[in-house]
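# Coordinates in review
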Amino acid sequence: MSYPTIESTIGNTPLILLPRIGGEEAKRRNNLILGKLEGNNPAGSVKDRAAFSMITRAEARGQIKPGDTLIEATSGNTGIALAMVAAMRGYKMILLMPENLSEERRQSMAAYGAKIVLTPKSGGMEYARDLAEQMQKNGEGLILDQFANPDNPLAHYETTGPEIWRDTKGSITHFVSAMGTTGTIMGVAQYLKEQNAQVQIVGAQPEEGSSIPGIRKWPEAYLPKIFDRSRVDQIESVSQADAENMARKLAVTEGVFCGISAAGACEVAVRLSHQLENATIVFIVCDRGDRYLSTGVFPA
Ligand SMILES: Cc1ncc(COP(=O)(O)O)c(C=O)c1O
């Protein structure tokens, strides 16, 4: 008798129909809105795929071996995912993150045994990334660098994209993803465009002045190296207020309790469903709402 390990529970997440969120307008136009529930991954987000891919592929190439120390600057979900995979595979994990990110994220990383280094809020993710570089230079460990590591989008090219194609039986017309490292949108876009060049790839980003955890409107100098603008057909901006309202609405109208960036992607999917006809729109539900309880977005 052989049993699966926790590793085998990464990926193959459900793709579900959201019959109500687009309202009468989406129905009248014969559009379908589908969400891919990445919060069903074992460490709770889409990032489990990238973390597993980056660590196992580096190990397979002989770049790292169990017992080594890994370093990463992360806005949250990647840190939790890397901490889980490091625990599974026997690595030490040091995570750098701005001090203003949510308490439950920090505690989740610590639960998996990671060491956490908090950086000043004023420096944002840029400061955390620069400090990680410095630590690597000092020989304190190896940076996987989710922003530049091709194994991040490769995870989505090899798993997320094919799962969406399979589960929609090739009928997807629009793919929407919030953009952080852009690993998800890059990998899925590459796969879907290879199957059908007509599939439209739509990125969601916070509008100027809005803050949505996990995603950014990157300044030019900090644009992720894995990002290739030519793979994205359209970029839509979402306000923090619209994303938060959508997060609450998704929970009460569809029973889908998700994070703010996921709700931002849903907001874009709903906008599309009010413009298109006969469309099958898939968006990524990056993580679950309970990861945001301390932020007050879901008041009791
Ligand atoms: C909550 C959340 N949403 C969206 C994303 C974006 O995913 P990606 O980095 O693949 O662009 C992230 C990435 O860290 C995230 O943590």
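As a starting point, this report considers the structure included with it. Quick caveat: nothing in here was measured; it's all calculated off a predicted structure.

## Let's talk about the overall build of the protein
Of regular secondary structure, the protein possesses 9 helices and 10 strands. Over its C-alpha atoms, taken along the principal directions, the protein stretches across nearly 60 × 45 × 40 Å. Counting over 300 residues, the protein shows a buried share of 49%. Within the protein, contacts between residues at least 6 apart in sequence are counted, and of these 74% link residues at least 24 apart.

## As for unusual backbone geometry
A negative phi holds for most residues other than glycine; trans holds for most peptide bonds. In this structure, Asn-12 is a non-glycine residue whose phi angle is positive, near 50°. Look at Asn-12 and you get partly exposed, because 13 C-beta atoms sit within 10 Å. A positive phi angle is found at Lys-169, which is not glycine, with a value near 50°. By secondary structure assignment, the location of Lys-169 is in the loop between α6 (151-167) and β7 (174-178). For Lys-169, a count of 8 C-beta atoms within 10 Å translates into the label exposed.

## Let's talk about the nonpolar core
With 86 residues, the main nonpolar core has Phe-175, Ala-265, Cys-266, Ala-269 and Ile-281 as its most contacted residues. Residue contributions to this core peak at 9 residues, all from helix α9 (residues 260-273). Split by domain, the residues of this core number at least three in each of domain 1 (6-45 + 154-295) and domain 2 (47-143). Residues within four places of Ala-269 in sequence aside, it is in contact with Ile-33, Val-176, Ile-281 and Phe-283.

## Brief notes about the sheet that holds strand β5 (residues 115-119)
In any sheet, the strands associate via hydrogen bonds between backbone groups, in a parallel or an antiparallel arrangement. A sheet is described by the order of its strands in space; here 4 strands give the open sequence β5-β4-β3-β6, paired in parallel fashion. A single partner strand is all that each edge strand has here, and the edge strands are β5 and β6 (142-143). When strand β4 (residues 92-98) meets β5, the two strands line up parallel, connected through 5 bridges. Residue pairing in the sheet places Pro-98 in a bridge with Thr-119 of β5. Docked against the sheet, helix α3 (residues 77-89) engages β3 (69-73) and β4, running at close to 170° with respect to β4. Running at roughly 155° to β3, helix α5 (residues 124-137) makes contact with β3, β4, β5 and β6 of the sheet.

## Overview of α5
Helix length check: α5 (14 residues) gives 21 Å between terminal C-alpha atoms against 20 Å at 1.5 Å per residue, within 8%. All buried positions along α5 are accounted for by Met-125, Ala-128 and Ala-132. The buried residues of α5 occupy one face: seen down the axis, they fall within an arc of 55°. Exposed residues on α5 whose side chains face more than 90 degrees from its buried face are Gln-134 and Lys-137. Its buried side turned inward, α5 meets β3, β4, β5 and β6.

## A short note on the site of the ligand
In the vicinity of the ligand, 20 residues are found, and the nearest of them are Asn-77, Gly-180, Thr-184, Gly-214 and Ser-261. Contributions of two or more residues to the shell around the ligand are made by α3 and α7 (183-195). Looking at the shell around the ligand, its residues break down into 6 nonpolar, 12 polar and 2 charged. No fewer than three residues from each of domain 1 (6-45 + 154-295) and domain 2 (47-143) sit in the shell around the ligand.

## Thoughts on the sheet that holds strand β1 (residues 15-17)
The strand order β1-β2-β10-β7-β8-β9 describes an open sheet built from 6 strands, whose pairing is mixed. Where the open sheet ends on each side, the last strands, each with one partner, are β1 and β9 (234-238). Pairs of neighbouring strands in the sheet enclose a mean axial angle of 25°, with direction left out of account. In the sheet, strand β8 (residues 200-206) pairs with β9 via 5 bridges, with the strands oriented parallel. In the sheet register, Ala-204 faces β9, and the bridge partner there is Glu-236.

Basis of the calculations
- Residues numbered from 1 in each chain as written.
- Predicted model: local features only at pLDDT ≥ 70, side-chain atom pairs only at ≥ 80, totals over all residues.
- Helix = DSSP H or I, 4+ residues; strand = E, 2+ residues; numbered from the N terminus.
- Buried ≥ 20, exposed ≤ 12 C-beta atoms within 10 Å, placed from the backbone.
- Contact = placed C-beta atoms within 7 Å.
- Core = buried A, V, L, I, M, F, W, Y, C linked by C-beta atoms within 7 Å.
- Domains from an automatic or database assignment.
- Pairing = 2+ DSSP bridges.
- Axes fitted to C-alpha atoms, helices over the stretch in contact; angles between N-to-C directions.
- Expected span 1.5 Å × (residues − 1).
- Arc of directions from axis to C-beta.
- Near = placed C-beta within 6 Å.
- Nonpolar A, V, L, I, M, F, W, Y, C, P; charged D, E, K, R; others polar.

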